[in-house]
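Chain by chain, the residues:
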Amino acid sequence: MNKNTFIILMLASLLALSFTASGEAETVQVVDASGEHIDVPLNPERIVVLPSTPIEMIYALGEGKRVVGRGVGVPPQCPSAKDLPCVASCSVGPNVEAILDLKPDLVLMCTSNGSKPATAVERLHAAGIPVLSLPSSCEPDTLLPQIETLGKILNKSVEANEFADFIEKYLGLIEERTKDLGPDEKPTVYFECKEYKTVNEETPLQHHISLAGGTNIAAEQPVKKPIVSSEWVLETNPDIIIAGAKGESLTEETLSAARDEIVSRPGLKEVKAVKDKKVYIISKKLMKGISEPIGCLYFAKWLHPDLFKDIDPTAIHKEFLQKFFGQELEGSYAYP
Amino acid sequence: MPIHEDDEMMHAEEVYTNASWRKTILTLVLFLIVAALGLFAISIGASSLGMSESIRAIMAVFLPMDDVSHFAEVVVFQLRLPRILLAIITGVSLGVAGAVMQGVLRNPLVSPFTLGLSSGAACGAALAIVLGVGILGTGQYIIMINAFFFSLLTMVVVYAISRIRGASIETLILAGVAMGYLFSAVISLLQYASGNEQLREIVFWLMGGLYAAKIENVMILIPIVVILTMILMRYSWDLNAMGAGEEVASSLGINVKQVRMACLFLSTVLTASVIAFTGVIGFIGLVSPHICRLLIGSDHRYLIPWSGLTGALLLLASDTISRTMISPTEIPVGVVTSFLGVPFFLYLLVRRKRRWWQ
Amino acid sequence: MKLSVKELSFGYGNANALEDISLDVDEGTIVSLVGPNGAGKSTLIKCIDRILKPRKGTVFLDGKQAAMLTSRDLSKMMGYVPQSTHEVFTYTVFDVVLMGRRPHIGWRVSANDVKIVAKTLRFLGIERFASRYFDELSGGEKQKIAMARAIVQEPEILLLDEPTSSLDIRHQLEVMNIVKRLVLQRRISVVMAMHDLNLASRFSDKVVMLKDRGIYTMGNPASVLTPANIENVYGVRSEVRNGHMDRPYVMPIEPI
C-alpha cells in the first residue's frame, strides 16, 4: 500500500514538474467563448481542433500542418483534413484519452462540442493541456473575432487580417446595400432544410436571410427547426424559396433534381416563388463555417438581383478558394 | 345499457345472435366515426381556410358549385386529403398487424415494436441515411426501400431462429426482442458515428410523422393495406382457435405452424409498407388491440377490423392535433399519440368494464 | 367409428416416448389409458389426433388410414379435449364453444352452427354461462366447456386427456356421465387418459395399462386392474375388491 502510494506521488510530482516546464513557454492572451481573457501557448506546434470552422481558418492562414486531430465534422474546404484522426463524436463529445495520445500543445473546442464538453475540459486541464473554447461557429458574428484570435495564436496576424478583410468586405457590402430597405421591399423567404422543415429566428439562417434583406416567414415559430404545415406555406405565399442540399460532391444535376422535387410538390406548385421561378437550391457547405459569407452573397443576389447586379457569387467563391485554400472551384454549390 | 340479468332468461342462440348484431352495428358505427373524424380533420388546418369553405370544396366534387376558390381546392385535396388518408391507412395497418401478431403469438405484449420490426426498419433507414446516397429526391426512396426490407429481414431471421427450436412462441418473441436490441445497438452506433446532419435525420426518422404524405404513396399503400387486411381477416377463426392453445387449434384442423408463419409475414409486410413511408410510429400496434379487446371482446372476426379502425381513429386524431395545436409548427405525431392514447388506455384498464356491447 | 392403432412409435430426439403401440377401439366404447406418470398416455392421445406426428405406425379409422385425410377432415371425425385450457385473451363461453365449429364453417357462422352450439350447451347443462367469460368460471365448468367445444365438432371419436384430474367428485361424475351419454346416444367412441383407476374402472369398457412407453396389458377392467398388475406397473401394493356394478374397486395401500 505505502509503496504504491509513494510511487503514485512520485509520478504525480514528475508529471507536475514536466508541466511547469512546458508552462514556461511563451504565451499569448486571448478571449475565449465566455468572454474571459486566458493565456494560451504562442505558436503551438500540435493543435487538436474539434470544431471544423477553426480548422478551415487555420488552413486558410497556411498553418494546416499544425492541426493533428479533428472532431467529427470534416471541414468542406480542407479535404486533406479528412485523414486526421477523429477524437470526438457528435453524441458523446471529446475523447480525452485519444486527445492526450496526440500530445497536443493546445486543444480548440467549441461550446457546442458534444454533450459533456465541460468534463473533457476539466480532464484536459488536469492533464496540463491548455484548452481554448471558441464560440459555436454557427454564429456568423463570431467568424471575424475567431480569425483574429487564431492569427494571434499562430503569429499570423497579417494573413489573418487579409482573410478577415476579404470576408468583412463582402458581408459589409451586403449590409450596406440592404440596410435601408423598408419592410415592403423585403421579400418573404421560405427556407427549407428538408421537406417542410424550416428554421426560426434563433438559427444562423435567420441571419443570412435578414442580412440579405429578406423576411423569414417562419421566424416566429416556437421551435428552432420546426416542421411546418404545407398549407400554411401555401397560404403565406412566400416570394422566394431557398432549400439546402446536402452531400459531399453536388453536381448541377443533383441540385436541379432537388429543385424539381420542390417545384412539383402539390403544396408548393401554387406559391408565388414557384410561379415566379424563384426557387433556389444551395449547398449546405455554404451555410456553415468559413464559406458562410459566400452563402450570404448567393442569398443577397437571389433576394435582390437589382441591388447586386455587379456581384457574381460564383466568381467570388472561386477567388476565395484560390486565394486562401489554393483550390479550384469544383462541382456545384448553388442552383440556378 | 342492457341489463345482464336478462341473459339468464334468454336462450343462448338469442344472446349470441343479439351480441353479433350489436358488434356488427358497432363496427359500422366505428367506421362512420372514423369517416366523420376524417371529414372534420379535412376541414381544419394551419391555413385560414375555414370549416365551411373546406366543406364546400368537398361538396363541389359532387354538386356543381362555382364559388370554390382554387386555394381551397389545393389545400383540401392536395395537402390535407393525402395526409388524412395516410393517417387512416397507417392506423389501420398498425392496428390490424398488432391484433394479428398478439393473437397468433398468444401474447398481449407483442407488437411490431416488440418483435423488432420497427427497430429493423429504423436500422435500415439509418443505414441508408449514413451510408447511402443522400440526395434530396432519390435518397428518400433509398431510405424507404431499405426500411421495408430490413423490417422483412428481421422477421425472416426471427422466424428462422424460432424454427430451429421447433417454432415455439417464446423463442420467437425472445428472438424478436433480441433482434430489436441488436438493431437498436446498430442505430446507436450509426448515430454515434454519424455527423450532425445525419444524426438529425436519423432522430427524425425515429420520431416518425405523416407530414410528408403524398397522394402517390397513399395510392400505393391503400391496395396493400386493404388486401392484406382482408386476407388476415380470413384467418380470424384460426386465430380464435389458436387462442385456446396450439394443441386444441391443431385438433380443430388448423395447421398451426403454417397459419403462424402466414400471419406473421403478412402482418410484417403490412407494417413494413407503412413505416417505410412514415417512420417509426409506435404504441398504436400495441395498444389498439388491447383497447378493442376491452371494448368488443377477443373474437378476431370483430377484433381485427376494430383494432384497425381504432388505430386509424387514434392516429388521425393525434395527427390532427399535431398539425393544428401550435400551427403552423407541427408537434411530432408520436408524442401526441402517446399523450392521447395512454390515458385512454389506462382508464379502460382500470375501469375494466367489459361486454359493453351486450 | 372403429379406431385402430397399429405399431405406433413416437419419439423426441433419440429417445422414444412410445414404442410399438397397437390397440383397437370399437364403435361406441370407452377405452381408458392408465399408467404411471410419463408412461405416455397423453402422448398417445396426441399421436392419435395427429397433434404429434408419430415416427412410425398407422392410425386407422374404419380401416382407412387417418394420415391420408386432410387435417380439416380429420377434425370432423376426432375431437380432442386437453388436460387444461388456458386462455390468454378471454372469450365468452359461447365463443369458445363456437370455435369447435371451425372445421365445418368458412367465415360466416350459420344459424345451424349457432343452434348446434346452443343445443350442446343445454345438453351439458351450461347454457346459463353462454355469455359469461371463460376465465371467470370454475375448473369443473371450464372442463365442460372444453368438452362442449369438442362435441360441437360432431366427431365420431372423442379423445380426452385426463378429463377429471382437477375436479371435485361431483364434477368428476358429471363429466363422466356426459361421456357416457355421448357414447349411448351418438355411438361415439371415447379414448381417455385417466389417473383415477376407480373412475376408469367404473366407466370404461376397456382399460389399457401403459408402462415404460409400451402397453403392459389391456382388457376389461376386471382383468386389468389386478393387484399384480398394479404392483408391476405402479410399484404399489393394493387391494382390489368388487365394487358397484361388479366393477373392480382399487384401494392403494403403500408403495413398494
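These figures come from a predicted structure and were not determined experimentally.

Student: Help me understand the overall build of chain B in this model?
Tutor: When helices and strands are tallied, chain B shows 15 helices and 0 strands. Relative to its length of 358 residues, chain B is compact, with a C-alpha radius of gyration of 22 Å against a globular reference of 21 Å. Judged by the C-alpha coordinates and their principal axes, chain B covers about 60 × 55 × 35 Å. Considering chain B as a whole, with its 358 residues, one finds that 57% of them fall into the buried category. Nonlocal contacts in chain B, meaning residues at least 24 apart in sequence, comprise 75% of its contacts between residues at least 6 apart. Carbon and sulfur atoms make up 71% of the accessible area of chain B, which amounts to about 14,300 Å² in all. Taken together, the 21 basic and 20 acidic charged side chains of chain B have centroids lying 7 Å from each other.

Student: Would you mind going over the packing of helix α5 (residues 143-153) of chain A against helix α6 (residues 157-178) of chain A with me for this structure?
Tutor: Residue and element names in this part refer to chain A. With their axes 8 Å apart at the nearest point, α5 and α6 run at an angle of 170° to one another. One way to sum up the angle between α5 and α6 is to call them roughly antiparallel. Contact with α5, carried on its side by Leu144, Ile147, Gly151 and Lys152, involves Ser157, Ala160, Phe163, Ala164, Ile167 and Glu168 of α6 and no other residues of that element. Along the lines of polarity and charge, the residues of the contact of α5 with α6 split into 6 nonpolar, 2 polar and 2 charged.

Student: How should the side chain of B:Thr329 be read in this particular structure?
Tutor: Locating B:Thr329 in the fold gives a position in the loop between α14 (300-324) and α15 (333-351). Classification of B:Thr329 by relative accessible area gives buried; the value is 1%. Side chain to side chain, B:Thr329 and A:Gln221 meet in a polar contact 2.4 Å long. Look past the residues within four positions of B:Thr329 in its chain and what remains in contact with it is A:Gln221, A:Pro222, A:Val223, A:Pro226, A:Ile227, A:Val228 and B:Ser322.

Student: What is the right way to look at the interface of chain A and chain B in this model?
Tutor: Accessible area lost on assembly of the parts is the figure often given for the size of an interface. On the chain B side, the residues contacting the 32 residues of chain A number 34 residues. Taken together, the two surfaces of chain A and chain B that pack against each other cover about 3,100 Å², and 60% of this comes from carbon and sulfur. Considering only the surface of chain A that becomes buried against chain B, A:Ile227, A:Glu231 and A:Lys246 emerge as the three largest contributors, covering 22% of it. The interface formed by chain A and chain B contains 5 residue pairs in polar contact (both at pLDDT 80 or more).

Student: I would appreciate a short explanation of the packing of helix α11 (residues 292-303) of chain A against helix α12 (residues 313-325) of chain A in the present structure.
Tutor: Helix packing for two helices is described by the angle between their axes and how far apart those axes are. Residue and element names in this part refer to chain A. Interhelical geometry of α11 versus α12 gives an angle of 170° and a closest axis separation of 9 Å. Looking at the two axes, α11 sits roughly antiparallel to α12. Counted together, Ile294, Leu297, Tyr298 and Lys301 of α11 and Pro313, Thr314, Ile316, His317 and Phe320 of α12 form the full contact between these two elements. When grouped by side-chain class, the residues that make up the contact of α11 with α12 number 6 nonpolar, 2 polar and 1 charged.

Student: In this structure, what is going on with the packing of aromatic side chains? I would like to understand it.
Tutor: Aromatic ring pairs are defined here through the distance separating the ring centres and the angle between the ring planes. All chains considered together, the criterion is met by 15 aromatic pairs over all chains. Ring plane angle 20° and centroid distance 4.3 Å describe the contact between B:Tyr16 and C:Phe94, whose orientation is recorded as stacked. With B:Tyr16 in helix α2 (residues 12-42) and C:Phe94 in helix α3 (residues 93-98), the pair connects residues from two separate chains. Taken individually, B:Tyr16 and C:Phe94 each receive the classification buried, so the pair is uniform in this respect. Among the aromatic residues, ring-to-ring pairing joins A:Phe163, A:Phe166, A:Tyr170, A:Phe320, A:Phe324 and A:Phe325 into one connected group. The positively charged end of A:Arg265 is found above the aromatic ring belonging to A:Tyr196, 4.9 Å away from the centroid.

Student: Looking at this model, I keep getting lost on the sheet that holds strand β7 (residues 106-110) of chain A. Mind explaining?
Tutor: The strands that make up a sheet pair up through hydrogen bonds in the backbone, lying either parallel or antiparallel. All names here are of chain A. Reading across from one edge, β4-β3-β7-β8 is the order of the 4 strands in this open sheet, with parallel pairing throughout. Strands at the two margins of the open sheet, each flanked by one partner only, are β4 (67-70) and β8 (131-134). Averaged over neighbouring strand pairs, the angle between their axes works out to 20° when direction is ignored. Relative to β4, strand β3 (residues 47-49) runs parallel, the two sharing 3 bridges. From the neighbouring strand, Val48 faces β4, where its bridge partner is Gly69.

Student: Explain the confidence of the model for chain B to me, please; I cannot follow it from the model alone.
Tutor: Close reading of the predicted structure is inappropriate where its pLDDT is low. All names here are of chain B. Chain-level pLDDT for chain B is 84 on average; 91% of the residues reach the 70-or-more range. When the elements of chain B are averaged for pLDDT, helix α1 (residues 5-9) gives the smallest value, 46, and α14 the largest, 93. This stretch, residues 133-137, has a pLDDT under 50; its non-local contacts, to residues over four places away or in other chains, come to 10 contacts. Interface scoring of the predicted complex returns ipTM 0.87; its pTM is 0.81.

Definitions and cut-offs
- Residues numbered from 1 in each chain as written.
- Chains lettered and ligands numbered in written order.
- Predicted model: local features only at pLDDT ≥ 70, side-chain atom pairs only at ≥ 80, totals over all residues.
- Heavy atoms only, no water.
- Helix = DSSP H or I, 4+ residues; strand = E, 2+ residues; numbered from the N terminus.
- Rg over C-alpha atoms; globule rule 2.2 N^0.38 Å.
- Buried < 20%, exposed > 50% of the residue type's maximum accessible area, 1.4 Å probe, protein only.
- Contact = heavy atoms within 4.5 Å.
- Areas by Shrake-Rupley, 256 points an atom, 1.4 Å probe, with all protein chains shown as cover.
- Lys, Arg positive; Asp, Glu negative; His and termini not counted.
- Charge placed at Lys NZ, Arg CZ, Asp CG, Glu CD.
- Axes fitted to C-alpha atoms, helices over the stretch in contact; angles between N-to-C directions.
- Parallel < 35°, antiparallel > 145°, perpendicular 65-115°, else oblique.
- Nonpolar A, V, L, I, M, F, W, Y, C, P; charged D, E, K, R; others polar.
- Polar contact = N/O pair within 3.5 Å; in protein donor to acceptor, adjacent residues only side chain to side chain.
- Buried area = accessible area lost by both parts, 1.4 Å probe.
- Phe/Tyr/Trp six-rings, centres within 6.5 Å; stacked < 30°, edge-to-face > 60°.
- Lys NZ or Arg CZ within 6 Å of the ring centre and 35° of its normal.
- Pairing = 2+ DSSP bridges.
- pLDDT = per-residue confidence, 0-100.

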